[in-house]
Amino acid sequence: MGAITLSQVTKRFGETEVIPPLDLEIQDGEFVVFVGPSGCGKSTLLRLIAGLEDVTSGQILIDGADATQAAPAARGLAMVFQSYALYPHMSVKKNIAFPLKMAKMDPAEIEKRVSAAAKSLNLTDYLDRRPGQLSGGQRQRVAIGRAIVREPAAFLFDEPLSNLDAALRVNMRLEISELHQSLATTMIYVTHDQVEAMTMADKIVVLRAGVIEQVGSPLDLYRNPRNKFVAGFIGSPKMNFIGGEAAAEYGAPEIGIRPEHLDASTDGGKWRGVVTVAEHLGSDTFVHMEVEGIGTMNVRVGGEFPVKHGSTVFLTPQEDKLHRFDAQGLSIGGAQ
Ligand code: ADP
Ligand code: MG
């Protein structure tokens, strides 16, 4: 069980309101990602759920019971941090077993849970090592193992992969997703990286300055962002925003078009521009351009596209993929 409800939750640090009144429903078994720029309140929100910070007002329910005033240990949640917080002088086995030992659990049960966690995390052969003898990815798995053995109602992850190099991050992302599949336990995962959010989440919560801008599945947010902030934050490379006459043609003060929704041709098209930088990745070509009457635009062409600095390229937007925004930056229609 791991259903969590936040109802009119607020948080102040002194005079500063970091979280204005916020409501959120997390279903049992869901993988929820809190994403937003640095300083937007992701960690604070997670720490309020964990009980590591007190709410200023509002209510937190865990499986229907009021947990607002409950001590962290009484909430049945397990937190995994960015810094692994492992004990360097203890073996992997002792590190994983630590919370159970503190809870004075029966040694046979501890042994059973540690073996099962080690097995699911591919750590069985490393149980006698010290953290210093492990790679960064293995250390992160030990930290996750220590959470798993507690059999929590929900796992709370705060940017757990940001210390790892890019290749390892991709691996660990998959491992955490697989772990979620096999445990089917609620996971709340905080990251500033929208790619992590898009690849892992059942449900993404986009935060800005403590306010939920939008909640939805990754493709909901990609297809139907509620406003310019979400449109610009979700998707990589970022959506192009265009104002002025080019937007007026489409009946809006401002339009947005994703780099992958522009057809590029060297023969002809709606808008004409000059390539400033072409990035040839083989699988894709990312073209940065200066477009006449519009300005800078980024285009993603699938596969190879033989252009270079100075080449003339014509762009035609896929009209059914255009997003329209009003003067306040709210979506008016958008892609269907
Ligand atoms: P994020 O995790 O999204 O980067 P945080 O939740 O850490 O953001 O911080 C949100 C805001 O709250 C920031 O402006 C930060 O400076 C402020 N803040 C966080 N913790 C404290 C604290 N203990 N005292 C005062 N301000 C804090
Ligand atoms: Mg943070």
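Just above, that's the structure.
Worth saying up front: this structure is predicted, and the values here are computed from it rather than measured. (Residues numbered from 1 in each chain as written. Chains lettered and ligands numbered in written order. Predicted model: local features only at pLDDT ≥ 70, side-chain atom pairs only at ≥ 80, totals over all residues. Heavy atoms only, no water.)

Novice: What's the story with the site of ligand 1 in this structure? I'm lost.
Specialist: The environment of ligand 1 is made up of Phe 13, Val 18, Pro 37, Ser 38, Gly 39, Cys 40, Gly 41, Lys 42, Ser 43 and Thr 44. At a separation of 2.8 Å, an oxygen atom of ligand 1 approaches a polar side-chain atom of Ser 43. Contact with the protein chains removes 55% of the 560 Å² of surface that ligand 1 exposes when unbound. No other element matches the 3 residues that helix 1 (residues 42-50) contributes to the shell around ligand 1. (Near = heavy atom within 4 Å. Polar contact = N/O pair within 3.5 Å; in protein donor to acceptor, adjacent residues only side chain to side chain. Areas by Shrake-Rupley, 256 points an atom, 1.4 Å probe, with all protein chains shown as cover. Helix = DSSP H or I, 4+ residues; strand = E, 2+ residues; numbered from the N terminus.)

Novice: What is the right way to read the environment of Gly 303 from this model?
Specialist: Along the chain, Gly 303 falls in the loop between strand 16 (295-302) and strand 17 (312-317). Taking the C-alpha atoms as reference points, Gly 303 and Ser 283, 20 residues apart in sequence, are found 4.6 Å from one another. Among all residues touching Gly 303, those that are not within four sequence positions of it are Gly 282, Ser 283, Asp 284 and Thr 285. (Contact = heavy atoms within 4.5 Å.)

Novice: Help me understand the nonpolar core in this model?
Specialist: Burial of nonpolar side chains together is a common tendency in soluble globular proteins. Ranked by size, the top nonpolar core spans 44 residues in total, and within it Ile 96, Ile 144, Phe 157, Ile 176, Tyr 189 and Val 206 carry the most contacts. Counting residues per element, this core draws most heavily on helix 4 (residues 136-148), at 5 residues. With 29 residues, the next largest nonpolar core counts Leu 45, Ala 50, Ile 62 and Ala 67 among its residues. (Core = buried A, V, L, I, M, F, W, Y, C linked by side-chain atoms within 4.5 Å. Buried < 20%, exposed > 50% of the residue type's maximum accessible area, 1.4 Å probe, protein only.)

Novice: Teacher, can you tell me more about unusual backbone geometry here?
Specialist: With the exception of glycine, most residues fall at negative phi, and the peptide bonds are largely trans. The peptide bond linking Ser 236 to Pro 237 adopts the cis configuration, its omega dihedral lying at -5 degrees. Looking at where Pro 237 falls in the secondary structure, it is placed in the loop between helix 8 (228-233) and strand 11 (240-242). Positive phi values are uncommon outside glycine, yet Gln 8 reaches one of about 50 degrees. On the secondary structure map, Gln 8 appears in strand 1 (residues 4-13). The exposure class of Gln 8 is partly exposed, given its relative accessible area of 41%. Positive phi, close to 40 degrees, is recorded for Glu 159, a residue that is not glycine. By secondary structure assignment, the location of Glu 159 is in the loop between strand 7 (154-158) and helix 5 (166-183).

Novice: Could you clarify how one ought to interpret the pattern of salt bridges in this entry?
Specialist: Inspection of every chain in the model, using the stated rule, returns 13 salt bridges. A salt bridge links Glu 111 to Lys 93; the nearest nitrogen and oxygen atoms lie 3.3 Å apart. One end of the pair, Glu 111, is in helix 3 (residues 107-120); the other, Lys 93, is in helix 2 (residues 92-102), with 18 residues separating them in the sequence. Linking Glu 109 and Lys 112 is a salt bridge whose minimum nitrogen-to-oxygen distance equals 3.5 Å. Taken together, the residues span about one helical turn, with Glu 109 and Lys 112 both in helix 3 at a distance of 3 residues. Overall, the relative accessible area of 56% leaves Lys 112 in the exposed class. Through salt bridges with shared partners, a single network forms among Glu 109, Lys 112, Arg 113 and Glu 151. (Salt bridge = Lys/Arg side-chain N within 4 Å of Asp/Glu carboxyl O.)

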